[in-house]
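Descriptive structure summary
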Amino acid sequence: MNRKYIALALASALALPAAAARAETTPPPRIIVTGEGEATVAPDLALLSLSVMREAKTAREALDANNDAMAAVIAAMKSAGVEDRDLQTAGIQISPRYNYTNKPDGTQTAELVAYQVTNTLSVRIRDVAKTGEILDKSVSLGVNQGGGITFANDNPSKVIAEARKRAVADAIDKAKVLAAAAGVSLGRVLEIADQSYAPPPMPMQAKSFDSAAGAAPVAAGENSYKVQVNVTFEMKN
């Protein structure tokens, strides 16, 4: 066989695998969209942050008074059905309180007048309907600071799964619209990336309580769980 033809045949044979490799590594045309889904559910947990503050001439007296008041609050919580596992001390703070007097020369004198002791209790209420009742009872027994309430869900997996389904459906609808507008066909799904995120807390705040103010109206509302997914589709001409 002519050497020229042999060389051409060999070059062609070597070129075929290289061309095939290039074809395999070249990604197909694609459409990338972000789908959003949302699902709501009523909360089944109320998370409270309640504080008892007592003041006395000495730290010992302030702490003793605070201990008595907080013990009564915890006992009331338990009698209302709150379990031990749902009661947690979040912090105890002891701090002096001073009166400051300005002097003519611009300086100040500080007089120690009392000690303040603040004990903060975190409470998880599993019967949300009892939240107002428990707040009222705790205030009547000595809670006079705090009042932060956050409504949550013990196990939101089902509602998050529903939000994911809606997010994927939203991504498919968006991809179809884009493909039709571009005059192409939508192919198979190449990739899905989940970007779930939980709802932000829904706190209700009260800086102080008045035990004579009456019942505390509490509206739990609904928690909204939102999910985003990035979906990559194959695009066909």
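For the structure itself, consult the block above.
Below is a summary of the structure that appears in this document.

Cut-offs and rules
Residues numbered from 1 in each chain as written. Predicted model: local features only at pLDDT ≥ 70, side-chain atom pairs only at ≥ 80, totals over all residues. Heavy atoms only, no water. Helix = DSSP H or I, 4+ residues; strand = E, 2+ residues; numbered from the N terminus. Buried < 20%, exposed > 50% of the residue type's maximum accessible area, 1.4 Å probe, protein only. Contact = heavy atoms within 4.5 Å. Areas by Shrake-Rupley, 256 points an atom, 1.4 Å probe, with all protein chains shown as cover. Core = buried A, V, L, I, M, F, W, Y, C linked by side-chain atoms within 4.5 Å. Pairing = 2+ DSSP bridges. Phe/Tyr/Trp six-rings, centres within 6.5 Å; stacked < 30°, edge-to-face > 60°. Arc of directions from axis to C-beta.

Let's shift gears to the overall build of the protein. For the protein, the count of helices and strands is four helices and eight strands. Along its sequence from the N terminus, the protein presents helices and strands in the succession α-β-β-α-β-β-α-β-α-β-β-β. Per-residue burial for the protein yields a buried fraction of 29% across its 237 residues. Contacts in the protein between residues far apart in sequence, at least 24 positions, make up 85% of those at least 6 positions apart. Entry remark: accessible area of the protein is about 14,600 Å², with carbon and sulfur atoms responsible for 54%.

Most often, soluble globular proteins keep nonpolar side chains buried together rather than apart. If you look at the biggest cluster of nonpolar residues, it comprises 21 residues, and the most contacted ones within it are Leu48, Leu50, Val73, Met77 and Val123. Not counting residues within four places of it along the chain, the set of residues in contact with Val73 comprises Val52, Leu121, Ser138, Leu141 and Val143. Membership of the second largest hydrophobic core comes to 16 residues, among which are Ile31, Ala39, Ala163 and Ala175.

Okay, the pairing of strand β3 (residues 87-102) next. As defined by bridge partners, β3 adjoins strand β4 (residues 108-125) across 15 bridges and the pair is classed as antiparallel. Bridge assignment links Asn99 to a residue of β4, and that residue is Glu111. If you look at the hairpin formed by β3 and β4, you'll find five residues sitting between the two strands, and Gly106 has a positive phi there, around 95 degrees.

In this section: the packing of aromatic side chains. For the structure on display, the rule yields one aromatic pair. Pairing Tyr98 with Tyr100 gives two aromatic rings, centres 6.1 Å apart and planes at 45 degrees, and the pair type is tilted. According to the relative accessible area criterion, Tyr100 is exposed, its value standing at 53%.

Among the residues of helix α3 (residues 131-140), those classed as buried are Thr131, Gly132, Ile134, Leu135, Ser138 and Val139. Within α3, the buried residues cover an arc of 165 degrees as seen down the axis, which keeps them to one side.

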